[in-house]
Amino acid sequence: MHAVTYELIKKDEKTKARRGRIHTPHGDIETPVFMPVGTAATVKAMRPEEVKELGASIILSNTYHLYLRPGHELVREAGGLHKFMNWDRAILTDSGGFQVFSLGDLRKISEEGVAFRSHIDGSKHFFTPEKSIEVQNALGSDIIMAFDECAPYPAERDYIKRSLERTTRWLARCKEAHKNTETQSLFGIMQGGMYQDLRHQSAMEIVEMDLPGYAIGGLSVGEPKDVMYEVLDYCVDYLPENKPRYLMGVGSPDCLFEGVERGIDMFDCVLPTRIARNGMAMTSGGRVSIKNAQYERDFSPLDAECDCYTCKNYSRAYLRHLFKSNEILSSMLLTNHNLHFLVNMMGKIRESIEEDRFSEYKKSFYAKYGRF
RNA sequence: GUGGGUAUAGUCAAGUGGUUAAGACACAGGGUUGUGGCUCCUGCAUGCGUGGGUUCGAGUCCCAUUACCCACC
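What you are looking at is a predicted structure, and each value in this text was computed from that prediction instead of being measured.

Caption draft 1: Just the packing of aromatic side chains, in detail. Inspection of the entire model under this criterion finds 16 aromatic pairs. Between Y309 and Y314, the ring centres sit 5.7 Å apart and the planes meet at 70°, which makes this aromatic pair edge-to-face. With 6.2 Å between their ring centres and 40° between their planes, F341 and Y369 make a pair best called tilted. You can see F341 sitting in helix α14 (residues 328-354) and its partner Y369 sitting in helix α15 (residues 358-369), a full 28 residues away along the chain. The same class applies to F341 and to Y369, which are both buried. It is R157 that lies over the ring of Y195; its NZ or CZ is 6.0 Å from the centre. Positioned over the ring face of Y366 is K362, at 5.5 Å from the centre of the ring.

Written as structure tokens, this is what we have:
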């Protein structure tokens, strides 16, 4: 028995959308779900209690960052990541695979692993699948991710093929290295770029390893949205129905709807938290750049339809003032709102699937939200 | 009143007779998708207190004038 298991509750009649539940040692996760990102053992600008209050049942944290600082041994000493950061719900840790991609010229990939330089102090490090799992075992997150290579876009078919096959070999090593199977579950990651046959190949190879969950990686790396949707269409079909499906790094409202429609259960993204710190809000009427001069004397709430703490208590004019003044509270209030917006939206999506009106809900959402 | 100094964008300012007047902040707009991000990109002075003059050419030199600052009476 895996530490993390998936329960399929209901399938949408018209689309591939589905309503499910993931059981973890730190509580159940109703799916489809959006996971806020807390890279350095903190969802930036938020207290854990707030993240809980707005309804998040799982957050994502990062192996690469915690390994570099404060160090996974220190987190282990602290009693694990949950205790260290005072978060008693589920945690998923990314493997550091994405940093292999985003660190760009600071790294070198080989069969054994990845040599890279710390973005903090420039020191040299070497990550292998075994190392990534060792770190994630020390952190104690409920879901740990395989160490993969997130290939760039665009990329030659030949490169993608060799990369995906290496990612598969790395996955086998991850599975072998993973010891805490009673408390932590390892998810595999599909690669294959924008090539259908390679996606199929990748899926066949990783599904065979019978892991408790599967992620689709290598998307949202700069390709046009319609390309991503097209790839997503067939990717989901290659994954087993009785396991959660996780689309990595996707989090704009439209992408969430499109992902759910194609059968995705889990999403994570820095978008809501990052843009919040840069003065951008997601609202039911579309994106609102709170720094725009038009809100200088706008004393109405950010989103009249929102019942989050920020919208219940503060005006656009005040939020603009906070942002222009570089006040810490600006990041706090906008992050709170954006996370609430997405978590709440996912709740409505789940409800709509239960009531067989997902397509209708999507349509009405798009009508109001407009351009993304 | 006398002597000296300073006036360049909303602010602080570079500029030593030669293309198109640095830069910073502010302001305005845009970006951000498994976080190297309180960040990045773009725009923003046909003009140098005002009026004359010298010169092929003046923010730069000369004269006058106004405002402000400092010292002395």
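Caption draft 2: Focus on the pairing of strand β9 (residues 124-127). Here β9 shows one buried face, formed by H125 and F127, and one open face, formed by K124 and F126. Summarising the sheet, strand β8 (residues 114-117) and β9 pair through four bridges and their orientation is antiparallel. Residue pairing in the sheet places A115 in a bridge with F126 of β9. Counting the residues in the hairpin turn of β8 and β9 gives six residues, including G122, whose phi is positive at 80°.

Caption draft 3: Up close: the pattern of salt bridges. Under the definition given, this model contains 30 salt bridges. As a salt-bridge pair, R166 and E149 come within 2.9 Å of each other at their nearest N and O atoms. Here E149 lies in the loop between β10 (143-145) and α7 (157-177) and R166 lies in helix α7, a separation of 17 residues in the sequence. Neither R166 nor E149 differs from the other in exposure class; each is buried. A salt bridge links E261 to K362; its shortest N-O distance comes to 3.1 Å. A residue pair is termed long-range when its members are at least 10 positions apart, and E261 in helix α10 (residues 253-261) and K362 in helix α15 qualify at 101 residues. Per residue, the accessibility class of E261 equals that of K362, and both read buried. Several salt bridges converge on common partners, so that one network encompasses E7, R19, R21, E30 and E354.

Caption draft 4: Broad picture of the protein's contact with RNA strand B. The environment of RNA strand B is formed by 42 residues, the closest being C150, S220, G249, V270 and K324. By atom count, sugar and phosphate contribute 49% of the portion of RNA strand B lying within 4 Å of the protein. One nitrogen or oxygen atom from the side chain of K291 is found 2.9 Å from a base oxygen belonging to RNA strand B. Here A293 contributes a backbone N or O atom positioned 3.1 Å from a phosphate oxygen of RNA strand B. Listing elements by their share of the surface near RNA strand B, those giving two or more residues are β5 (58-62), α5 (97-102), β14 (266-269), α11 (271-277) and α13 (316-324). At five residues, α11 tops the list of elements feeding residues into the surface near RNA strand B. The class makeup of the residues in the surface near RNA strand B is 14 nonpolar, 16 polar and twelve charged.

Caption draft 5: Structural context of the packing of α13 against α14. The geometry of α13 relative to α14 is characterised by a closest axis approach of 7 Å and an angle of 130° between their N-to-C directions. Classified by the interaxial angle, the pair formed by α13 and α14 is oblique. As for how α13 packs across α14, the hand of that crossing is left-handed. Across the interface between the two elements, Y318, L319, L322 and F323 from α13 touch L329, S330, L333 and L334 from α14.

Caption draft 6: Examining helix α8 (residues 196-207) more closely. Taking 1.5 Å of rise per residue, twelve residues should cover 16 Å, and α8 covers 16 Å from first to last C-alpha, within 8% of that figure. Here α8 has its buried residues at L198, R199, Q201, S202, A203 and I206. Among the structural elements, α7, β11 (185-190), β12 (213-216) and α9 (225-237) are those in contact with the buried residues of α8.

Caption draft 7: Spotlight on the packing of α7 against α8. Put simply, α7 and α8 touch, their axes get as near as 10 Å, and they point 10° apart. In terms of axis orientation, α7 runs roughly parallel to α8. Only D197, L198, Q201, S202, E205 and I206 of α8 make contact with α7, whose side of the interface consists of R157, I160, K161, L164, E165, T168 and L171. For the contact of α7 with α8, a count of residues per class yields five nonpolar, three polar and five charged.

About the cut-offs
- Residues numbered from 1 in each chain as written.
- Chains lettered and ligands numbered in written order.
- Predicted model: local features only at pLDDT ≥ 70, side-chain atom pairs only at ≥ 80, totals over all residues.
- Heavy atoms only, no water.
- Phe/Tyr/Trp six-rings, centres within 6.5 Å; stacked < 30°, edge-to-face > 60°.
- Helix = DSSP H or I, 4+ residues; strand = E, 2+ residues; numbered from the N terminus.
- Buried < 20%, exposed > 50% of the residue type's maximum accessible area, 1.4 Å probe, protein only.
- Lys NZ or Arg CZ within 6 Å of the ring centre and 35° of its normal.
- Pairing = 2+ DSSP bridges.
- Salt bridge = Lys/Arg side-chain N within 4 Å of Asp/Glu carboxyl O.
- Near = heavy atom within 4 Å.
- Polar contact = N/O pair within 3.5 Å; in protein donor to acceptor, adjacent residues only side chain to side chain.
- Nonpolar A, V, L, I, M, F, W, Y, C, P; charged D, E, K, R; others polar.
- Axes fitted to C-alpha atoms, helices over the stretch in contact; angles between N-to-C directions.
- Parallel < 35°, antiparallel > 145°, perpendicular 65-115°, else oblique.
- Left-handed = near helix turned anticlockwise from the far one by under 90°.
- Contact = heavy atoms within 4.5 Å.
- Expected span 1.5 Å × (residues − 1).

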